[in-house]
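# Overview (structure and organization)
What follows is each chain in one-letter form.
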Amino acid sequence: RTLFEDAAVESVRNDNVRYREAGLAGIIKLSPAAMQVLDAGYKKCSGNLSNLTLTTANTAQQAYITACNNAYMQVVSGAFDYNTAIRNAVKAAAQDGTWVLYPSGHRDRIDVAVRRAVLTGVGQTVRQLSSVNANEMGCDIMEITAHSGARPSHAEWQGKLVSMSGKKAGRIISGCRVLSLDEIGYGNGDGFGGWNCRHDWYPFFEGISSRAYSDDDLKKLNEKNTEYNGKNYSDYEITQIQRKFERDIRGLKREAVAYDSGRANAQNEQLRQQFSEDFNK
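This write-up is about the structure you can find in this document. In this text, all values refer to a predicted model and were calculated from it rather than measured experimentally. (Residues numbered from 1 in each chain as written. Predicted model: local features only at pLDDT ≥ 70, side-chain atom pairs only at ≥ 80, totals over all residues. Heavy atoms only, no water.)

## Regarding the overall build of the protein
To be explicit about the condition: Comment: elements are numbered from the N terminus, with helices defined as DSSP H or I runs of at least four residues and strands as E runs of at least two. Only the C-alpha atoms count toward the radius of gyration. The rule for a globule is 2.2 Å times the residue count to the power 0.38. Residues are treated as being in contact if the distance between any of their heavy atoms lies within 4.5 Å. Residue exposure ignores everything except the shown protein chains as possible cover, and the areas themselves are Shrake-Rupley values with a 1.4 Å probe.
Along the protein, the regular secondary structure elements total 8 helices and 9 strands. Taken over the C-alpha trace, the protein has a radius of gyration of 25 Å; the compact-globule value for 281 residues is 19 Å, which it surpasses by more than 25%. By its C-alpha atoms, the protein is 80 × 50 × 30 Å across when sized along the principal axes. In the protein, of all internal contacts separated by at least 6 residues, the share reaching a separation of at least 24 is 61%. In the structure as shown, the protein presents an accessible area of about 16200 Å², 52% of it carried by carbon and sulfur atoms.

Structure, rendered in structure tokens:
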């Protein structure tokens, strides 16, 4: 809740800079409608986190049962000795026990799922707050923020202007063609304000406001200017490589915790020594 409230305060503070440039008093206190948006966003995210907890508990339990069954079959079939079967079971449970399984069949690690839920929940809420406040202040045009490392589909509209009502879509303002909400995918999971989207928007007043990013600035954000292993990458591409490294590291940490627990609870010295070797590796 604190995270949501802090984000709301920061969002209003940023929007007020634009409103005061336009000669308006700005938002002094959130309206009842804006408070409803804030509260609804918090409750939705809280509910999502509860669901993640439940689904993770279920998948972890199933992973444990499956690992035990596989260990039993490995021993009785004579394929592996007792200690090796236990080590295999611990490794399998460590690798499979922290997945979140969605109804669609898609699955994510719990840390990835929680990050997405919180980032998306907070982001969507403050964008809706900005929208409610803009409507109350009579502002129809919003300017979308821009950042390096944006996914290609988002790079197409970042830094651009968008008409909330759609009435000014297609017009050229400050050298920029005004977009509609549909053109930026607002309300869709892979569009503006969707999954893991870090873009925001601010009120823009024609004839008063100035765009934060020129077309040249936006073009530079997408240049492949980072060299790695003899090849040039864009910021988006290089962050995807970095994310994979981070996922691999977290996966190895999960295994290390499992092996450490295994050696602490081993029933014989040989198994304890083998778990220690796994942990050190």
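## Observations regarding helix 1 (residues 2–21)
Within an α-helix, residues lying three or four positions from one another point in the same direction, as the helix has 3.6 residues per turn. For clarity, the threshold we go by: Given the number of residues in a helix, its expected span is that number minus one, multiplied by 1.5 Å. Whether a residue is buried, partly exposed or exposed follows from its accessible area with a 1.4 Å probe, protein chains only, as a fraction of its type maximum: under 20%, in between, or over 50%, in that order.
Helix length check: helix 1, at 20 residues, gives a terminal C-alpha distance of 29 Å against a target of 28 Å (1.5 Å per residue), a fit within 8%. Listed as buried for helix 1 are F4, A7, A8, S11, V12, D15, N16, R18 and Y19. Looking at the buried positions of helix 1, the neighbouring elements they touch are helix 2 (32–76), helix 4 (110–136), strand 3 (141–144) and strand 7 (201–204). At the exit of helix 1 stands G23, carrying a positive phi of roughly 85°.

## Considerations on the nonpolar core
Filter applied, for reference: By convention a nonpolar core is built from buried Ala, Val, Leu, Ile, Met, Phe, Trp, Tyr and Cys residues, the set being connected through side-chain atoms within 4.5 Å.
Of all hydrophobic cores here, the largest spans 28 residues; its most connected members are L30, L129, W157, I184 and W201. Where this core is concerned, the elements lending two or more residues are helix 1, helix 2, helix 4 and strand 3. Setting aside residues no more than four positions away along its own chain, W157 makes contact with I144, L179, E183, I184, G191, F192, C197 and H199. One finds I173, C176, V178 and F204 within the second-largest nonpolar core, a separate group that totals 6 residues.

## A word on the packing of aromatic side chains
Selection rule: In this scheme Phe, Tyr and Trp rings, the latter by its six-membered ring, pair at centre separations within 6.5 Å, and the angle between planes marks the pair as stacked below 30 degrees, edge-to-face above 60, and tilted otherwise. Look at NZ for Lys and CZ for Arg. If either is within 6 Å of the ring centre and within 35 degrees of the ring normal, a charge sits over the ring.
Tallied over the entire structure, the rule returns 8 aromatic pairs. Ring plane angle 45° and centroid distance 4.7 Å describe the contact between F192 and W201, whose orientation is recorded as tilted. One aromatic cluster is present, built from ring pairs that chain together W157, Y186, F192 and W201. Over the face of the ring belonging to F192 we find R127, whose NZ or CZ atom lies 5.5 Å from the ring centre.

## Details of the sheet that holds strand 7
What counts, and what does not: Any two strands with at least two DSSP bridges between them are considered paired. Helix axes are fitted only over the stretch in contact, all axes being lines through C-alpha atoms; the angle between N-to-C directions runs from 0 to 180 degrees.
With respect to topology, 3 strands assemble into an open sheet ordered 4-3-7, the strand pairing being antiparallel. Each end of this open sheet is capped by a strand with a single partner; those strands are strand 4 (161–163) and strand 7. The sheet shows a mean angle of 35° between the axes of neighbouring strands, taken without regard to direction. The sheet contact formed by strand 3 and strand 4 spans 3 bridges and is antiparallel. The partner of I141 across the bridge, within strand 4, is S163. Helix 1 contacts strand 3 and strand 7 of the sheet and is inclined by roughly 15° relative to strand 7.

## Here's the deal with the pattern of salt bridges
Rules: Definition used for salt bridges: Asp or Glu carboxyl oxygen within 4 Å of a side-chain nitrogen of Lys or Arg.
Here the structure, examined in full by the defined rule, presents 16 salt bridges. Notably, a salt bridge pairs R211 with D215, separated by 3.2 Å at the nearest N-O pair. D248 is paired through a salt bridge with K244; the nearest N and O atoms lie 2.9 Å apart. Of this pair, D248 and K244 both sit in helix 7 (residues 235–265), 4 residues apart, which is roughly one turn of that helix. What you see here is one network of salt bridges that share partners, running through R1, D39 and K43.

## As for unusual backbone geometry
The phi angle of most residues is negative, glycine excepted, and most peptide bonds adopt the trans form. At S174, a position not held by glycine, the phi torsion is positive, near 55°. Examined against the element boundaries, S174 turns out to sit in the loop between strand 5 (172–173) and strand 6 (176–177). In this structure S174 comes out as partly exposed when scored by relative accessible area, which is 42%. The backbone of N196 sits at a positive phi, close to 60°, despite the residue not being glycine. Mapped onto the elements, N196 comes out in the loop between strand 6 and strand 7.

## Thoughts on the packing of helix 2 against helix 4
Put simply, the rule reads: When an angle is under 35 degrees it counts as roughly parallel; over 145 it counts as roughly antiparallel; between 65 and 115 it counts as roughly perpendicular; any other value is oblique.
Running from N to C, helix 2 and helix 4 point in directions that differ by 170°, and their axes come no closer than 9 Å. One way to sum up the angle between helix 2 and helix 4 is to call them roughly antiparallel. On helix 4, the residues touching A33, A34, V37, L38, G41, C45, L49, L52 and T56 of helix 2 are I110, A113, V114, A117, V118, T125, Q128, L129, V132, N133 and E136.

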